[in-house]
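Structural overview for review
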Amino acid sequence: MTSTLDSTTTVLQALRGNRAERPTPRTGDSAILRAALEDSLYAIVGPQHFFDPLVIRSQDLRTEPLVLTTALHSFARVRGIMMHHALRLLSVGYSFSNPFEDLLAAWRCEVGENELLSFIDHLDTEDRAKFSTDIAAHTAALRHGLGAIGSGWSLRSTVRVANLLCAGAVALRDTIDLAIDTTGNGANSTVLLDLTTTALDETSEKILRFHALNQTLRTGVTPLRTGVLSTATGEQLVRDVTTELLTQAVADVLEAAERKSHP
Amino acid sequence: MTSLTTSFVSPGAMNSLINSAPAETLEITSEQRSALAERFRQVSLPHHRRLDAWMVERGAGVLTPFRWSPTTARRVLGNAALRYRLAHQVSAMAALDEVVVDHLSRAASGYARRGSLSTWLCELSTAQLALVTSDALNWSHSLEEIARSVDGAVEVADSDAYYDVATGRTTLRGRRDLISTTSEQRTIIRVRAGAPGRTAGAGLRADLTIDAFSQPTGHVAQQIIGVWPDAGLLLRVEGSLEDLKAGARDLLRVANLQHTAYFQRALAS
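Residues numbered from 1 in each chain as written. Chains lettered and ligands numbered in written order. Predicted model: local features only at pLDDT ≥ 70, side-chain atom pairs only at ≥ 80, totals over all residues. Heavy atoms only, no water.

A word on the environment of Gly-59 of chain B. Residue and element names in this part refer to chain B. Inspection of the secondary structure puts Gly-59 in the loop between helix 3 (53-58) and helix 4 (70-88). Residue Gly-59 is classed as partly exposed on the basis of its relative accessible area of 31%. For the pair formed by Gly-59 and Asp-97, sequence separation is 38 residues and the distance between their alpha carbons is 37 Å. (Helix = DSSP H or I, 4+ residues; strand = E, 2+ residues; numbered from the N terminus. Buried < 20%, exposed > 50% of the residue type's maximum accessible area, 1.4 Å probe, protein only.)

This is how it looks when you write it as structure tokens:
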């Protein structure tokens, strides 16, 4: 895996590249990928999942499960959720005054009350202050890493995907943190971004591929590029979506399906 | 036999469905309106009620009480923003700002009801308002992408379809997002989140039926197309007599379930 820690190019610049060099959209990959997935997945899952679909998410691509203590796990989950909210707010040009309080208010507006919000509400003053600083740092890294957002771009944050395969026996569920531009405007200009609050690792590359595969199946058009930005380290990783990358994504999904159906 | 066609989202898929709409045109007659009203009257409740396709899809399932959230507000705001954008040729963000400001000024000037979207938006902080805007912008972009994939004339629906069955103290609400019209046919397009379930076809049929009854002329749309952008799926139900009958039957089934549940509760207490 090769990641970039380049302060001169933002992740959005790297993803969008040179406008003049964008190819025409590829529309033939979707059917080929779907056929390849369905043939192999049916052999793995068999008929037993028709009333209880096998759901494959990006976290299932990880070969070694993450082991965290309960408190660390809660902090990590809250940080992840808050950074996704930060991205959603930045995508509409929001300017933060107090990132932690702003993000907490936004999150509460969406879900009402839940276990994780209650966890935050019950932190003592010192822990809350520490965590607030941590969130401010991640938000600053996100803003810096993203760079300027063009006023004419068509941005969609938190794009949910639910691709049903094998007549609904398998569901590929995914959330693409940011998708820019739309399909069907002449040149292929759809790019995808994933956001992580941890350092990049081998799984990051699999997640990039998973996003590209899901977007291709969902829209019938292959995206141009897919990338990931780490708010923990500022690293970014950007890949062109090629046939090889999508073929590898299919292999990743089949491997995950094998692991989940025969643990 | 009822009709239900499924296809995957791809460039040209929407046009292909629209162009293959059935040629025949149906009209709801006054006898059919009276028959529906009579059936609803038989299962009426002491109070007024509103039925929609979501209730048909859920069947007897318990519905969670409604609360405004970015998710429940996105369709209202996103549709209005796209309608404004197409009429005034402004950016998607500027159109959405106009729509939100309109809601806020309505609440500030005292024209908004308690519990309405305008009142809720007025109570939000700027960060919360930005989150609502973000979700509505996503919806608006998705809707615009679908609208632009249609070759013919397409417009954002002015409002959902409402049909009041006065004698049955029932209002039917049919959701519709886009309407594609040519000289020979009318296609209703409905955008949905998530993936279609087993009852998605019944939901589309209910929306189609309500739309037909809400038309003063009684003209039935040639088809309704449900788009599930998250799942990349298109479902099409044709405006045939069988589909309309099935749609009306499903709505009556929900009305009947509510009627039975209400009187069982009354007897128990």
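So, next bit.
Before going further, it helps to spend a moment on the packing of helix 2 (residues 29-45) of chain A against helix 8 (residues 243-261) of chain A. All names here are of chain A. Where helix 2 meets helix 8, the closest approach of the two axes is 10 Å, and the angle between their N-to-C directions is 20°. In terms of orientation, helix 2 and helix 8 fall into the roughly parallel class. As for the relative orientation of helix 2 and helix 8, their crossing is right-handed in sense. Residue-level contacts link Asp-29, Leu-33, Leu-37, Ser-40, Leu-41 and Ile-44 of helix 2 to Leu-246, Val-250, Val-253, Leu-254, Ala-257, Glu-258 and Ser-261 of helix 8. In the contact of helix 2 with helix 8, the residues fall into 9 nonpolar, 2 polar and 2 charged. (Axes fitted to C-alpha atoms, helices over the stretch in contact; angles between N-to-C directions. Parallel < 35°, antiparallel > 145°, perpendicular 65-115°, else oblique. Left-handed = near helix turned anticlockwise from the far one by under 90°. Contact = heavy atoms within 4.5 Å. Nonpolar A, V, L, I, M, F, W, Y, C, P; charged D, E, K, R; others polar.)

With that settled, the discussion passes to the sheet that holds strand 2 (residues 49-52) of chain B. All names here are of chain B. If you trace the 3 strands from one edge of the open sheet to the other, you get 2-5-4, paired in mixed fashion. Every interior strand has two partners, whereas the edge strands, strand 2 and strand 4 (161-165), have only one. Sheet twist, expressed as the average angle between the axes of neighbouring strands with direction ignored, equals 25°. One ladder, built from 5 bridges, connects strand 4 with strand 5 (residues 170-174); its direction is antiparallel. Opposite Tyr-162, over in strand 5, you have Arg-173 as the bridge partner. Relative to the sheet, helix 9 (residues 241-268) contacts strand 2 and strand 5, its axis offset from that of strand 2 by approximately 140°. (Pairing = 2+ DSSP bridges.)

Turning next to the nonpolar core. Here is a general trend for soluble globular proteins: nonpolar side chains tend to be buried in one another's company. With 57 residues, the main nonpolar core has Leu-89 of chain A together with Leu-77 and Trp-120 of chain B as its most contacted residues. Sort the elements by how many residues they give to this core and helix 3 (residues 70-90) of chain A lands first, with 8 residues. Residue contacts for Trp-120 of chain B: discarding those within four places in its chain leaves Cys-109 of chain A together with Trp-68, Ser-69, Pro-70, Ala-73 and Val-132 of chain B. Counting 37 residues, the second largest nonpolar core, distinct from the first, contains Phe-40, Tyr-163, Leu-208 and Leu-244 of chain B. (Core = buried A, V, L, I, M, F, W, Y, C linked by side-chain atoms within 4.5 Å.)

Moving on to the pairing of strand 7 (residues 186-191) of chain B. Residue and element names in this part refer to chain B. Burial analysis of strand 7 places 6 of its 6 residues in the buried class, which makes it a mostly covered element. Side-chain alternation along strand 7 places Arg-186, Ile-188 and Arg-190 on one buried face and Thr-187, Ile-189 and Val-191 on a second face that is also buried. In terms of strand pairing, strand 6 (residues 178-181) meets strand 7 through 4 bridges, oriented antiparallel. Of the residues in strand 7, the one forming a bridge with Thr-181 is Arg-186. From the end of strand 6 to the start of strand 7, which pair antiparallel, there are 4 residues. In this fold, the crossover linking strand 7 to strand 8 (residues 223-228) by way of helix 8 (residues 200-214) has right-handed handedness. (Right-handed = clockwise from strand over helix to strand, strands pointing away.)

Once that is clear, we can look at helix 7 (residues 202-219) of chain A. Residue and element names in this part refer to chain A. Over its 18 residues, helix 7 runs 27 Å from end to end, which matches the ideal 26 Å to within 8%, given 1.5 Å per residue. Of all 18 residues in helix 7, 17 are buried, a share of seventy percent or more. Regarding helix 7, its N-cap is Asp-201, as a side-chain oxygen of that residue lies 3.0 Å from the backbone nitrogen of Thr-203 further along. Looking one or two residues beyond helix 7, the residue adopting positive phi is Gly-220, at roughly 80°. (Expected span 1.5 Å × (residues − 1). Polar contact = N/O pair within 3.5 Å; in protein donor to acceptor, adjacent residues only side chain to side chain.)

Before going further, it helps to spend a moment on the packing of helix 2 (residues 30-42) of chain B against helix 9 of chain B. Residue and element names in this part refer to chain B. Contact geometry for helix 2 and helix 9: axes closest at 9 Å, N-to-C directions at 20°. Here helix 9 runs roughly parallel to helix 2, going by the angle between their axes. Handedness of the helix 2/helix 9 crossing: right-handed. Residues Gln-32, Leu-36, Arg-39, Phe-40 and Gln-42 of helix 2 touch helix 9, and the partners they reach there are Leu-241, Ala-248, Leu-251, Leu-252, Ala-255 and His-259.

At the junction of the two partners, chain B supplies 32 residues and chain A supplies 33 residues. Both sides of the chain B and chain A interface together cover about 2,500 Å² of buried area, and 55% of this is carbon and sulfur. Area buried by chain B at its contact with chain A is led by Leu-131, Glu-145 and Asp-230 of chain B, which between them contribute 21% of it. Residues belonging to the side of chain B that touches chain A are distributed by class as follows: 16 nonpolar, 11 polar and 5 charged. (Buried area = accessible area lost by both parts, 1.4 Å probe.)

On to the packing of aromatic side chains. All names here are of chain A. This model, assessed by the stated rule, comprises 8 aromatic pairs over all chains. Between the aromatic rings of Phe-75 and Phe-131, the centroid separation amounts to 5.0 Å while the plane-to-plane angle is 50°, which identifies the pairing as tilted. Taken together, the residues Phe-75 in helix 3 and Phe-131 in helix 6 (residues 125-146) connect sequence positions 56 residues apart. Like Phe-131, Phe-75 is buried. Pairing Tyr-94 with Phe-96 gives two aromatic rings, centres 5.2 Å apart and planes at 85°, and the pair type is edge-to-face. Using a relative accessible area of 13% as the deciding quantity, one classes Tyr-94 as buried. For Phe-96, a relative accessible area of 10% translates into the label buried. (Phe/Tyr/Trp six-rings, centres within 6.5 Å; stacked < 30°, edge-to-face > 60°.)

As a further point, take the domain arrangement of chain A. Residue and element names in this part refer to chain A. Under the domain assignment used here, chain A contains domain 1 (11-63 + 150-261) and domain 2 (70-146). Just the C-alpha atoms count here: the centres of domain 1 and domain 2 sit 26 Å apart. Buried area between domain 1 and domain 2, summed over both chains or domains, comes out near 1,100 Å², and the portion from carbon and sulfur atoms is 68%. Among the residues of domain 1 in contact with domain 2, Leu-195, Thr-197 and Thr-231 are the three that bury the most area, contributing 42% of the side total. The interface formed by domain 1 and domain 2 contains 3 residue pairs in polar contact (both at pLDDT 80 or more). Those elements that place two or more of their residues in the side of domain 1 that touches domain 2 are helix 1 (11-16), strand 2 (155-165), strand 3 (170-180) and strand 4 (191-196). When residues of the side of domain 1 that touches domain 2 are assigned to their parent elements, the largest contribution, 3 residues, is made by strand 2. For the side of domain 1 that touches domain 2, the class distribution of residues is 8 nonpolar, 4 polar and 1 charged. (Domains from an automatic or database assignment.)

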